[in-house]
Amino acid sequence: MPAPHDHEAETAAVPAGTPEAAPPAGARPVSRKSLLRAAAAVGAVPLLAGTGVALAREHTGRASTGLEPTPACDDGDDPTVPQTEGPYFKPNSPHRTSLVNAGTPGIRLTVSGYVFGRACLPIAGALLDFWQADVNGAYDNTGYAFRGHQFTDARGAFRLSTIVPGLYPGRTRHIHVKVQAPNRPVLTTQLYFPDEPRNNTDAIFDARLLMNVREVGPAREGTFDFVLDVPQSPSPTPTTAPPAGTWAAGRAYRAGDGVTYGGAAYVCLQAHTSVTGWEPPRVPALWRAA
């Protein structure tokens, strides 16, 4: 695959083996008013990681013509913040969604989410090019181990299968990524893990780039939504009635409560007050199919 458009202009070349430079100081904090309001209403700890925002909306396989704006992207937020490319990027990575095979050592990790534009509409066909260290903290600079690119599907969704990267001197755990909407500039950034001790000492670390990460048996699942600086026209307000069911916004649900929505039954996983946009199929941290 050709290198992403204009990636050379984003960062100066850094000789291999040199530390990655810290981002410019004074970056304006990302506005998260609506997300914080919704999180306070539902007490949804599994949906938040530290002070950063990484609320990837989970969708079932039901047919859909689009996605509703998420709480992380509906109130004039800035796009996802950029970060340095570092010395280990290589163009022409393989086109693949999995960087591991059955014998790959390390803790299995899946990273999933969506790519949105400024109007919080999903971007289909967006390029995501990932690269990271192996379990020992080493990058493959001769081949393409732990390197790969993919494109978002029609819903703007992506999914990466990999491992939790190892540590190397001077850095906390992180995954590099370039994200590019079709015919738009490249966003180069990094994704971080919550509750890592080195987050406090890494000069590049930015809490706005924290993923949600949860343990699933011996594996990990991470989520993150990217917001690109891509102009969009908001979709018109739907005029059709919502799917029938007993679920309703503004109600206080307790763990174990049952509801129906769109012809399916769901069981509440944790007490919360329901919020429009967090219907049962969309928030697996709060609801599971009965």
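Definitions and limits used
Residues numbered from 1 in each chain as written. Predicted model: local features only at pLDDT ≥ 70, side-chain atom pairs only at ≥ 80, totals over all residues. Heavy atoms only, no water. Pairing = 2+ DSSP bridges. Helix = DSSP H or I, 4+ residues; strand = E, 2+ residues; numbered from the N terminus. Axes fitted to C-alpha atoms, helices over the stretch in contact; angles between N-to-C directions. Salt bridge = Lys/Arg side-chain N within 4 Å of Asp/Glu carboxyl O. Buried < 20%, exposed > 50% of the residue type's maximum accessible area, 1.4 Å probe, protein only. Phe/Tyr/Trp six-rings, centres within 6.5 Å; stacked < 30°, edge-to-face > 60°. Lys NZ or Arg CZ within 6 Å of the ring centre and 35° of its normal.

(A) Structural detail: the sheet that holds strand β12 (residues 264-268). The three strands are arranged β11-β12-β14 in an open sheet whose pairing can be described as antiparallel. With one partner strand each, in any of the chains shown, β11 (258-261) and β14 (287-289) form the two edges of the open sheet. On average, adjacent strands in this sheet sit at an angle of 40° to one another, irrespective of strand direction. Inspection of the sheet shows β12 paired to β14 by three bridges, in the antiparallel sense. When the bridges of β14 are listed, valine 267 appears paired with arginine 288.

(B) Looking closely at the pattern of salt bridges. Taken as a whole, this structure holds nine salt bridges when the rule is applied. The closest approach of N and O atoms between glutamate 221 and arginine 214, which form a salt bridge, is 2.9 Å. Classification of glutamate 221 by relative accessible area gives partly exposed; the value is 27%. According to the relative accessible area criterion, arginine 214 is partly exposed, its value standing at 48%.

(C) Geometry of the packing of aromatic side chains. Enumeration according to the criterion identifies 11 aromatic pairs in this entry. Pairing phenylalanine 130 with phenylalanine 158 gives two aromatic rings, centres 6.1 Å apart and planes at 40°, and the pair type is tilted. A residue pair is termed long-range when its members are at least 10 positions apart, and phenylalanine 130 in strand β2 (residues 127-131) and phenylalanine 158 in strand β4 (residues 157-163) qualify at 28 residues. Classification of phenylalanine 158 as buried rests on a relative accessible area of 4%. Considering the side-chain rings of tyrosine 139 and tyrosine 168, the 5.8 Å spacing of their centres and the 75° angle between planes classify their relative orientation as edge-to-face. Highlighted residues: tyrosine 139 in the loop between β2 and β3 (147-151) and tyrosine 168 in the loop between β4 and β5 (174-180), separated in sequence by 29 residues. For tyrosine 139, a relative accessible area of 11% puts it in the buried group. Within the aromatic cluster, the residues linked to one another by ring pairs are Phe130, Phe158, Phe224 and Phe226. Lysine 90 extends its terminal NZ or CZ atom over the ring of tyrosine 144, reaching a point 4.1 Å from the ring centre.

(D) Seen up close, the sheet that holds β5. Pairing in this open sheet of four strands is antiparallel, and the strands run β3-β2-β5-β6 from one edge to the other. Two strands close off the open sheet at either side, each with one partner strand: β3 and β6 (186-192). Pairs of neighbouring strands in the sheet enclose a mean axial angle of 20°, with direction left out of account. One ladder, built from five bridges, connects β2 with β3; its direction is antiparallel. If you follow tryptophan 131 over to β3, its bridge partner there is arginine 147.

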